[in-house]
Every structure is written in structure tokens, then in C-alpha cells.
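# A look at the structure
Now for the letters of each chain:
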Number of protein chains: 2
Amino acid sequence: MAVQDPHRPSELAAQLRVDAVRASAAAGSGHPTSSLSAADLIAVLLARHLRYDVHDPGDPGNDHLVFSKGHASPLLYAMLKAAGAIGEEELLTFRARHSRLEGHPTPRLPWVDVATGSLGFGLPVGVGLALTGRRLDRLPYRVWVLCGDGELAEGSMWEAAEHAGHEGLGNLTAIVDVNRLGQRGPTRHGWDTAAYAARFGAFGWHTIEIDGHDLDAIDHAYREAARSDRPAVVLARTRKGRGVAAVEDREGFHGKPLEDAGQAVAELGGERHLTVSVAPPRSSREPHRFPGGPYRPPEYEVGAQVATRDAFGAALAALGAARGEVVALDGEVADSTRTEAFAAAHPERFFEFYIAEQQMTAAAVGMQRRGWIPFAATFAAFWARAYDFVRMAAVSRADLRLVGSHAGVSIGPDGPSQMGLEDLAAFRAVHGSTVLYPCDANQAAALTAAMAGLSGVCYLRTTRNPTPVIYPPGTRFPVGGSRVLRGSGRDAVTIVAAGITVHEALAAADALAADGIAAGVIDAYSVKPIDAATIRTAAEHTGRVLTVEDHWPEGGLGDAVLEALAETDAKVVRLAVRAMPGSATSREQLEDAGIDRGAIRRAVHDLYALAAR
Amino acid sequence: MAVQDPHRPSELAAQLRVDAVRASAAAGSGHPTSSLSAADLIAVLLARHLRYDVHDPGDPGNDHLVFSKGHASPLLYAMLKAAGAIGEEELLTFRARHSRLEGHPTPRLPWVDVATGSLGFGLPVGVGLALTGRRLDRLPYRVWVLCGDGELAEGSMWEAAEHAGHEGLGNLTAIVDVNRLGQRGPTRHGWDTAAYAARFGAFGWHTIEIDGHDLDAIDHAYREAARSDRPAVVLARTRKGRGVAAVEDREGFHGKPLEDAGQAVAELGGERHLTVSVAPPRSSREPHRFPGGPYRPPEYEVGAQVATRDAFGAALAALGAARGEVVALDGEVADSTRTEAFAAAHPERFFEFYIAEQQMTAAAVGMQRRGWIPFAATFAAFWARAYDFVRMAAVSRADLRLVGSHAGVSIGPDGPSQMGLEDLAAFRAVHGSTVLYPCDANQAAALTAAMAGLSGVCYLRTTRNPTPVIYPPGTRFPVGGSRVLRGSGRDAVTIVAAGITVHEALAAADALAADGIAAGVIDAYSVKPIDAATIRTAAEHTGRVLTVEDHWPEGGLGDAVLEALAETDAKVVRLAVRAMPGSATSREQLEDAGIDRGAIRRAVHDLYALAAR
């Protein structure tokens, strides 16, 4: 073997290939062929262009490298070994139980910013990181994103292309490994990099088409990309399985370890154990931060009529004044969600993503990774558009604050397309999530402030129309808590409500009291975690619980209460939206859905009659 | 007033504007300004280009017109009045309780193919309709889609652009109402139609830029579009609120009725009541249909090890042979989901959408609207990418058969990005949905066949790895049913499982029997509707139910069982995935998640000890 120079990309590329093959062989699964195609691209990047202190992955000056094609994880791990970040022994734990080297990358590895493996997610996050570098951190780090060609079919990639082009993110380079073979066969455009170049070019990117196995061409392309004042994409024609004749550019070898790994390693020149000294960050400056100040929450008088979305907006603006790390993201509905209040007060920290919920979510993921506290808001219904990104944010251990306005049928005449009716179910089913649903303005403001300190994915559901303020300013609302609004030892039933239905429950309880039936009312503003202790205590007394929610019957408040009472013998009746709504006024909608004060009253009477038998 | 000729677009446009204003005024809400901008575009279409028998909206030769900008519903309803489809009286019920004229269009109106209002949905559905016209129905109808400029920020629009361009859908015309104003302010590109033209052009579309208030230019544009053998987009510069000086091209008037509707109507030339004779369909031919034949389901021997995804694929291919209306849609994972079996048997009815789950879903919506029976499959996890489209499919009253493979931690080493762990929650929370989760190959085949006859959104969850066949071929599995696999009068507990956990439950029950504890086992293959009666009967005997599922704890099987038992005093313990998984073997994953046979056995022992106290 010739002299091995780790900074000679050809040597390094050979090692990356060998190690990708070895790791996959050790695992007995994985995507070596998808790694082999991109090895030259990564070798040149690591040896010549990346600026990163691998011994201090938290260094704020570090470049970011996102493997949007997360299935090329063997290549990522081989790269981390070559960079001296992980050792040979750990490399061979790939995909083993308890290993940090998972089948697809996650931030369990400190060098990984974000979990990938759901294609179409990494580039939008990269856009978020680049945007953060430019407009928030104001540091010269670069963002590199390794993409697959197959994932360019995802619409989210074009949301990213549009946003990056519009923002002129010259600090972003997408590297597309155009290996022409997807999972089940050829991609739509094969090796036609001109097709991709036309698309990226139309979205305002600088495009560079190269042979992705020509090391000099790669080097020149990265230099050219770095000089561009626009986002650049390096469209690299490669061969899947490159370097191993048995699989090179052949179909049917996606996601499979090589049959004869030993032969492949030999064919690739044998094992090497070079270590690259990755160039240090360009800057040792600290990230820019905006000044903070005292927190002056908005306060609302009891009895006033205020929409919780208004209180959220005001509280977010106040939070922004208090904490310079707080930023707000909009999907072109800031006037509806009320993040416009933040936009007016803190324009430098307000980000308009237009109607692109996936890019908005991904940008929030990027920003929180850099230490910012993003709040992103759209209609509750439209969070469904970004559900996979929220799921991937949870896998990424991201701290996200998401807000959905216009929840439920109570929005009124706009109709079901605009009604968030599955959002509680969707967000409750996100791992580690928090789901909050305020019923009044002071509560909404308090919960908004609380969100800033939470980890994981946090979701706040707000209401379009005004509701009465029932809590005095300054009332505390701990996450995981609830408020007992009516309760006596004589209660025949406990009504558990949240948000808009709290007011219906209170009105029903008053009417029931006049009917001679005492009913407890719990405001379960923390839908997840639900205040199981309080609900259980109430249920022990009454034995009967009625839940009422402006949501489909599945997965929302009713199910949360059922979970809290699963191991008790309490009986639960659930009022929820059970028929597809149309248009009507807010009050008609609540009535038609059977979740208004009249329906609650009737349901309690039915329960009472049942109990009396 | 001059002679009114309904086929003079200027007269018609004036009427459309007036009626949009009047309908919104009657409702006290709505989007008149978004209707005014597009009125000329629709007037020319209706008077000169649309081919449609409004008195027979089911005529298979009818063109399709999708309002992707669904908030322009006043314009749509004004158009339906002008076409003689609805009357003056109904027009003024806009947004009223029980009216078919909802805030955003839904197929409650027979002239509406699909619900819109979630921007970015209509064009992908239009692509599906155009694809159906070309490749399935083989009829010369055209598909017209009215788009907003704001919604071009949605990635789904570019999935549609890519797919239509690739398929060369010359029967599709997108009309973009470039009124430059979004909801909260100017759009990203304003009136820069060249920016949009560059993008659509890059995706292979024929582009036409016009003044959207020049009636002759519109007419010529539609003619040019119809002549193109590629999909065409008419990029029309318009003024929001056109024709009413108080709001024309001014910010702050999105989604609001006009303050002085009477003045606006006068300014627009006053009320008119013209009726257009819309040109008849181009063809009276019946749609093409593929021949059917006998259904020969795959059969598996009890004891064989077969993955349910394999059985699904084989059953789908068999179903395709039996019923010519069955089609299959793939998101570039047909080798994993096993729809490749259908692709091999019925290549003309197999549709590859590459990695574009939203376009795949929208195409299925379009196909079912035309009477086809689409099955669309991807990984369970990746359905999250299309969740809003699934939601909108439910609002559209669409009959969809969706299949998610690779469910749960049992997939093994690929890690959490590839694991569907929230799919049951998400699909259960879709209005009118059916959720099925087979545990063995014969059951999977039977449920696949059953799906063809279901209405609404139906979801089938399959398992990656082989599981033992436990049911003989020919066993019936009614939707809404369950199978009691173990049960005796002596049962101390009832275990409810589905899919992969059925086998864990059976093994646990066997081990428990050896421990001297009788445990019932119910296979709840129909997660929604759940077989509440059978579960309640079992719970009445045992009083204790243990649920076990390869899914997060929220919203899945455990919650479905809780709902079934809500009004009983049965106690329920739920085993589910509670920690973020990493990589490991399938068996290790089940063990680590605490949902394997050992965990079930321990949980039953705990319950038993509790009961004995």
C-alpha cells in the first residue's frame, strides 16, 4: 500500500467505503450501497472544506452537516471514525442494541443535529440552520446537506429550495448524491442532473453539475459553492455501490449489506485507519443574542371577553421582550394566530415562511438546535401538513413550541377544512410531547410563558372566538395540573372540559344546580400530561365522569381522561364531535356537535337517571 | 343596461362578482376579494371552455373543475348559479347552518369533486383526476384547477407539478390567480409571474403569462393550454378585490365581507340573473374498465411463517385480477410494502409516485372520485407526511384504502424514523375511518379484500417480519369484529392484542397457563370500529383487561379498548411503547419496549397479585 495521507481524499474515500461496508456487515443490515455512492463527496468535504471541532461538537462556530439521506448512516459513522470522533470498536456496534450508531442518525450522537431517515426532512432543517446562522447567530458557519436524488420527489424539498432561494442563503450547500437508483428501481430522472439543475435554478439556487467520483471536480464544486451568494447545489452523478463490482450501479441492492463483505473490503483496498484533522471553525465568536428584559405578561380582567389566540399573541410578544432567544415563525397566518403581535414588537426575530408548514417546522428544529426558543404557529388543522416533521422532531429530541389556532367546530362558518379536530390526538401521540389547551386569556398567557421552559414537542391549542376571562391575572397553571372550577362532596358527576368547552361545562353546571344536581367541573388545560391525580380523586367521589371536547372522539381529552381512570372503576361518558360539521355559527356548531351546555346538561341528567336506577 | 348575453364573458364576470359579493354579504363572512380577482378567469372558462352537463354531474364525460383556492367559494357558488345548477335562493344560504354552500367547497355539492380549503391540496387532486382520464378512464375530459398564488409555497404543489410534468398530462390546466396578496400581506413573489413560470417550466409545464382581467387574453390562454401536449399553467396577474374600489388591490381585506355590499354591487353594475348554457361533454363514451374475474385469495397453511405485508401484497394482486376497478399506488417502496406483486400482475393499473406521499394520496382521492378503487401503500411512518391530505380526504367523503407497512418497533434495527408508532392514533382520529391490523397472513388477505368494499378512509397496518399463521384459510374476519383466541370461564384477565402482539399474547397466555393463571386473549384486528361487545363481555367475566400494542400509549389500541369499556367498571392496564427506541433486533425491540411475552406475563402476574389482595 502506498503512503497513506488522510488529507488525500482518495485515501480517505477508500477508508470511508471500507468502513461503511464493514459496519453494515457487522450489523447484518444497513445501506452500504447508498454510502458507497457518496463516499467521495464526503471525503472531499471532510478533508478540505468542513470546519468543525469534532472534540467540541457544541462549539458555536462549527459548520453543520446534515445527512438528509439518513440511510447513508454507515458513511456518516465511517466519517466520524475518520475524524477521530468515534473509535473503531464503536463503529462496529452499528445498529446493535443500545448503540448510539442507530440505523438512521439521531442526536444521540453529539455530532448529529437532527434525526433523519424520513426523506425530505434534512434539507429543510439545513435551511433552518443556515437561516439561523445568517439572521440570528450571525456567525460564518456553513451548512452542508447531503441529499439523495430520490428525496427530491418530496414537496418539502421544494419548500426548502424556495425558502433558501428567497432568503439568498449563500451559507448553504446542498450536495445531491445522484446515484440514479432509488429503493425499488430507477429514480424519475436517473442521471439527468440537468433536470434537477433546471428546478433548483428556477428557485434561485446556484447549480453545479459534476461527476461525483471526480475528486478534483468535487473540490472545485465546493469552492464554487462557498463563493456563491446564493444557496448552492452540487448535483453529483454517482454510481450506487461505487467500488464494489458485485453491486455497483445495479438494482436490487438497496438497504442490504454486501453478500461478501470481505471480498468488497479487499476490492476497496483493504482496511485503513487514517484520522483526518478536520479544519477548525472559521470563527470563535459567540453567537449574537438579542437583549432581554423583565417579563410583563398581558393581564385580563375577569369577565372580559378575550380570545385565547389574542392572549397567546400578546404573551408571546411579552416573552420576546423578556427573553432574547425567543423567536416566532409564521405560515402566512400571523394575523389569525396573532403572532403578528410578536412581528410588530420584534421584527428581527420574526420569520415568515409563507404557506409552507413543513419548512416552518424544520426551521424551528434548526433554530432550537442552535439554542433559540422558536414558537411556530398556524391553524390547528394545518399542523397536519407537518405531522411527519413533528414526528421527526421528536426523534430528534427537539424542543419545539407549536401553536394551533382555530381549533374545533367553534370557529363557526368556515367549515371543516379549517377546523382542527384531530390535533389533540395527533400531538398526544408524539413521543414526549406536552399538549396544552387554555380556556381563558390569563391561562393562555401563563401557558405560553410556561412553554418557553419546556423540553420536547409542546403544543398549545387556541380558540378563534372570544371567551370569558374566568381566572384572575397571576393565577398559576402548572403543566400537568388542572383547576377544579366546581366541586363539592355532593357532586353526582364530574365534568372534565378544556378550552372552549370549559365555559359550556360551567354554564351546564349552573343549570344543573338549578335542576338540583350538583356537578363538579375540572378545567383540564394540561391535556398531556393530564392531571390524573385530581381527576381520579374527583372520580372516586362521584364515580361518574363526563368529558366534553371540541375534537373528534378519538385520541383527545376523552381518551386522556380514560387513560387517567383506566385502572379505576369510574364510568366515563364522552361528548365529542361525532358528525362531519358544515358551516354554521359558532354557537350552532357547538350545539350541532352535541358539546354545548345543553348537551352537557342532558348527558348529566341521563347519567343521573342511570345512577338512580 | 345593455343587452345581457350570458356568453359574453364580461357580462358573466360582472354577475359572478356581484353574486360573490352578495353571498358573502348574506353570510356575514367569506372571501369576496379572493373571488373578485378570479371572476374573469372563471367567466371565460364557464362561457367558452368548460365542457360539463350541470344537470348530470355524474356524467363520465364531464370536465373537472377544482377550486384549489377553496376560499374562493363565493365565486364557485356564483358560477354554479350562472350555470343553472343552483338557484338564487340557495346562493344566499352561503355559510348558513345546514346549507350545502359551505365556507369552503365540499362534495356535499354534486358538482364538487373534492373538499378544498387546505391550500395545496386541490392541484395534486387535479393531477390525480387528469391521470385517471389518461391512464384509466381513457376519456377526453379536461381537468381545470383554479389555484391561488399563495398556495404555490406549499411543497405539495411542486409534487403535483413534478408528477404532472413527468406524466405529460396535457389534459390538465392550472389557472393561477396571481392576485399578489395573501392572507396577512403580499405573497413572496407578488405579481412576478415570471418567477412562477420559471418554476413550472422547469418541471416540464407549458406556461402562459397573462393579464387575468383581459378577457381575450384569458380566452387565448385557455385555447393555447388545451393545445399543449404538456400540462399547462395560466399565470394570471389579477387584482384582489377587482372591481370594488374600496378593496381593490388593498391589504387587510382577506376573508372579510365587504363593508358596503350594496355600494359594491352597484359599482359592479348591479344584480344580474343570466344563465349560461355550459357546453356539453366532449364524449359520451363510457370510461374504460379493465376486466375482472374470479377472486382467488392467497392461502397460507397454519403454522407457516409469513409477513402480513406479503399476504397483503398477494391479496391485492388477487383482488386486482378479480376486480378491474382496483388500482395500486406506490411511494417508491413497493418492494417493501409488497404492492410490487400488484405491479407485476397489473402493470397498467400500478402507479408510481416516487417519494411523494401527498401526491400519492391526492391521486387516490381523484381516482376514487372517478369510480376506481385505489389502494395506496407506504411505510406506516410515512403516512404522517400525508396526514393533512388524509384529513381532507375525509372531508371530501373519499373512499380510500391506505396501507402502512413496517409498523412499530418490531421492524428491528432501522430505528425510530422508520417505525410507525403514531399511525393508529392518527388514523383513528380521521372522521369515519376504519383501522385494521392483522396478525396473520390469512387475516391480512381477508381484510385486504374487505377493504375494497368499505367506504371512507380505511387503513391497514402490516408487519415487516414474518409471524406465524394461526387462522386457517377461509376464516371470516368481519370489520368491527374480533377473534377470541383464548377464553374460559376461569380467566383471571383478558389480554387484548392486535397484529404482532397477538403472538406475544398467545405465548404469554401459554406461559401463564403453566403458571396456573388462565388468561383470555382477544385478537382485536379491527381497531376501529373496535369489537366493543366482545371486549365488554370478556371484561364482565374477568374485570381486568390488559392491552398490548406496538405503538405509543396514546390514541391506539389501548385507547380504543378504554373507549369500549368507558361506561363499565373494568380495570385496564395498557402495555405500549413508552421510551424512544433505538436500533436492536425485532425481538430485542419488543422486549425493550415492554410489549413482549415476558412483559405481558409479568403484567398479568402483577394484576393477579393485585386481585388476590
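For clarity, every value in this text was computed on a predicted model and none was experimentally measured.

Here the focus is the overall build of chain A. Counting secondary structure elements, chain A contains 22 helices and 19 strands. Judged by the C-alpha coordinates and their principal axes, chain A covers about 95 × 50 × 40 Å. The buried share of chain A, reckoned over its 613 residues, is 69%. If you take every contact in chain A between residues at least 6 apart in sequence, the share linking residues at least 24 apart comes to 79%. As presented, chain A carries roughly 17,700 Å² of accessible surface, and 48% of it is formed by carbon and sulfur atoms. Looking at chain A, you have 61 positive and 73 negative side-chain charges, and the mean spots of the two groups are 2 Å apart.

Before going further, it helps to examine the environment of Pro287 of chain A. For Pro287 of chain A, the position within the fold is in the loop between helix 10 (261–267) and strand 6 (305–306). Between the C-alpha atom of Pro287 of chain A and that of Gly61 of chain A, which follows or precedes it by 226 residues, the distance is 8.2 Å.

All names here are of chain B. Taken together, the 7 strands give an open sheet; going across it, the order is 8-7-9-10-12-11-17, and neighbouring strands pair in mixed fashion. Each end of this open sheet is capped by a strand with a single partner; those strands are strand 8 (350–352) and strand 17 (526–528). If you compare each strand with its neighbour and ignore which way they point, the axes differ by 20 degrees on average. Against the sheet, helix 17 (residues 441–451) contacts strand 9 (373–379), strand 10 (400–405), strand 11 (434–436) and strand 12 (457–461), and its axis sits at roughly 165 degrees relative to strand 12.

Next up on the list: the UniProt feature "domain: Transketolase-like pyrimidine-binding" (unreviewed entry) in chain A. As recorded in UniProt, the feature "domain: Transketolase-like pyrimidine-binding" (unreviewed entry) lies at residues 306–469 of chain A. Annotation note: span residues 306–469 of chain A, helix share 39%, strand share 20%, distance between end C-alpha atoms 7 Å.

So, about the interface of chain B and chain A. Chain B puts 105 residues into the contact, and the matching count from chain A is 105 residues. Around 8,600 Å² of area is buried between chain B and chain A when both sides are counted, 50% of it from carbon and sulfur atoms. Its largest share of buried area at the contact with chain A, chain B owes to Arg184, Arg188 and Arg385 of chain B, together 11% of the area lost on that side. Joining chain B to chain A, the criterion identifies 24 salt bridges. Residue Arg97 of chain A pairs with Glu588 of chain B through a salt bridge whose shortest N-O separation is 4.0 Å. Counting across the interface, chain B meets chain A through 56 residue pairs in polar contact (both at pLDDT 80 or more).

Moving on, we come to the packing of aromatic side chains. Here the distance between the centres and the angle between the planes together describe a pair of aromatic rings. Here the structure, examined in full by the defined rule, presents 28 aromatic pairs over all chains. Ring geometry for Phe379 of chain A against Phe382 of chain A: centres 5.2 Å apart, planes inclined by 10 degrees, an arrangement best described as stacked. Considered together, Phe379 of chain A and Phe382 of chain A belong to a single accessibility category, that of buried residues. The side chain of Arg461 of chain B reaches across the aromatic face of Tyr437 of chain B, ending 4.8 Å from its centre.

Okay, the sheet that holds strand 16 (residues 519–523) of chain B next. Residue and element names in this part refer to chain B. Pairing within the open sheet is mixed, and its 5 strands lie in the order 14-16-15-18-19. If you trace the sheet from one side to the other, it starts and ends with strand 14 (483–486) and strand 19 (571–575), each paired once. Taken pair by pair, the neighbouring strands of this sheet meet at an average axis angle of 25 degrees, ignoring direction. One ladder, built from 4 bridges, connects strand 15 (residues 493–497) with strand 18 (residues 544–548); its direction is parallel. Residue pairing in the sheet places Thr494 in a bridge with Val545 of strand 18.

Turning next to the relation of the copies chain B and chain A. When chain B is fitted onto chain A, the two copies agree to an RMSD of 0.0 Å after a turn of 180 degrees and an axial shift of 0.0 Å. Given the turn and translation reported, the copies of this chain are related as if by a two-fold rotation axis. The overlap is high: 100% of the interface residues of chain B also sit at the interface in chain A, so the same surface is used on both sides.

All names here are of chain A. Mapped onto the elements, Ser68 comes out in the loop between strand 1 (64–67) and helix 4 (73–82). Taking relative accessible area as the criterion, Ser68 reaches 0% and is therefore assigned buried. Side-chain polar atoms of Ser68 contact the backbone nitrogen of Gly122, separated by 3.1 Å. Ignoring sequence-local partners within four residues, the contact set of Ser68 consists of Thr116, Leu119, Gly120, Phe121, Gly122, Leu123, Val145, Leu146, Cys147, Glu151 and Met157.

Okay, the pairing of strand 16 (residues 519–523) of chain A next. Residue and element names in this part refer to chain A. Counting buried positions along strand 16 gives 5 out of 5 residues, so the element sits mostly inside the fold. Inspection of the sheet shows strand 14 (residues 483–486) paired to strand 16 by 3 bridges, in the antiparallel sense. The residue of strand 16 that forms the bridge with Arg486 is Val521. Sheet topology places strand 15 (residues 493–497) next to strand 16; 5 bridges connect them, and they run parallel. Across the sheet, residue Val493 finds its bridge partner in strand 16, namely Ala519. Traced from strand 15 through helix 18 (residues 500–515) to strand 16, the parallel crossover comes out right-handed.

Moving on to the packing of helix 3 (residues 39–49) of chain A against helix 4 of chain A. Residue and element names in this part refer to chain A. With their axes 11 Å apart at the nearest point, helix 3 and helix 4 run at an angle of 30 degrees to one another. Relative to helix 4, the element helix 3 is oriented roughly parallel. You can see that helix 3 and helix 4 cross each other, and the crossing is right-handed. Judged by residue contacts, Ala39, Ile42 and Leu46 of helix 3 engage Leu75, Met79 and Ala82 from helix 4.

Right, let's talk about unusual backbone geometry for a bit. Omega for the peptide link from Lys528 of chain A to Pro529 of chain A comes to -5 degrees, which places this bond in the cis form. Structurally, Pro529 of chain A is set in the loop between strand 17 (526–528) and helix 19 (532–542). The residue Asp249 of chain B is not glycine, and still its phi comes out positive at about 55 degrees. As for its position among the elements, Asp249 of chain B is in the loop between strand 5 (232–237) and helix 10 (261–267). Given the relative accessible area of 17%, Asp249 of chain B is considered buried. With phi around 80 degrees, Arg338 of chain B is a residue other than glycine that occupies positive phi space.

How each quantity is defined
- Residues numbered from 1 in each chain as written.
- Chains lettered and ligands numbered in written order.
- Predicted model: local features only at pLDDT ≥ 70, side-chain atom pairs only at ≥ 80, totals over all residues.
- Heavy atoms only, no water.
- Helix = DSSP H or I, 4+ residues; strand = E, 2+ residues; numbered from the N terminus.
- Buried < 20%, exposed > 50% of the residue type's maximum accessible area, 1.4 Å probe, protein only.
- Contact = heavy atoms within 4.5 Å.
- Areas by Shrake-Rupley, 256 points an atom, 1.4 Å probe, with all protein chains shown as cover.
- Lys, Arg positive; Asp, Glu negative; His and termini not counted.
- Charge placed at Lys NZ, Arg CZ, Asp CG, Glu CD.
- Pairing = 2+ DSSP bridges.
- Axes fitted to C-alpha atoms, helices over the stretch in contact; angles between N-to-C directions.
- UniProt positions renumbered as here; feature names shortened; annotations may be inferred.
- Buried area = accessible area lost by both parts, 1.4 Å probe.
- Salt bridge = Lys/Arg side-chain N within 4 Å of Asp/Glu carboxyl O.
- Polar contact = N/O pair within 3.5 Å; in protein donor to acceptor, adjacent residues only side chain to side chain.
- Phe/Tyr/Trp six-rings, centres within 6.5 Å; stacked < 30°, edge-to-face > 60°.
- Lys NZ or Arg CZ within 6 Å of the ring centre and 35° of its normal.
- Least-squares fit on C-alpha atoms with pLDDT ≥ 70 in both.
- Right-handed = clockwise from strand over helix to strand, strands pointing away.
- Parallel < 35°, antiparallel > 145°, perpendicular 65-115°, else oblique.
- Left-handed = near helix turned anticlockwise from the far one by under 90°.

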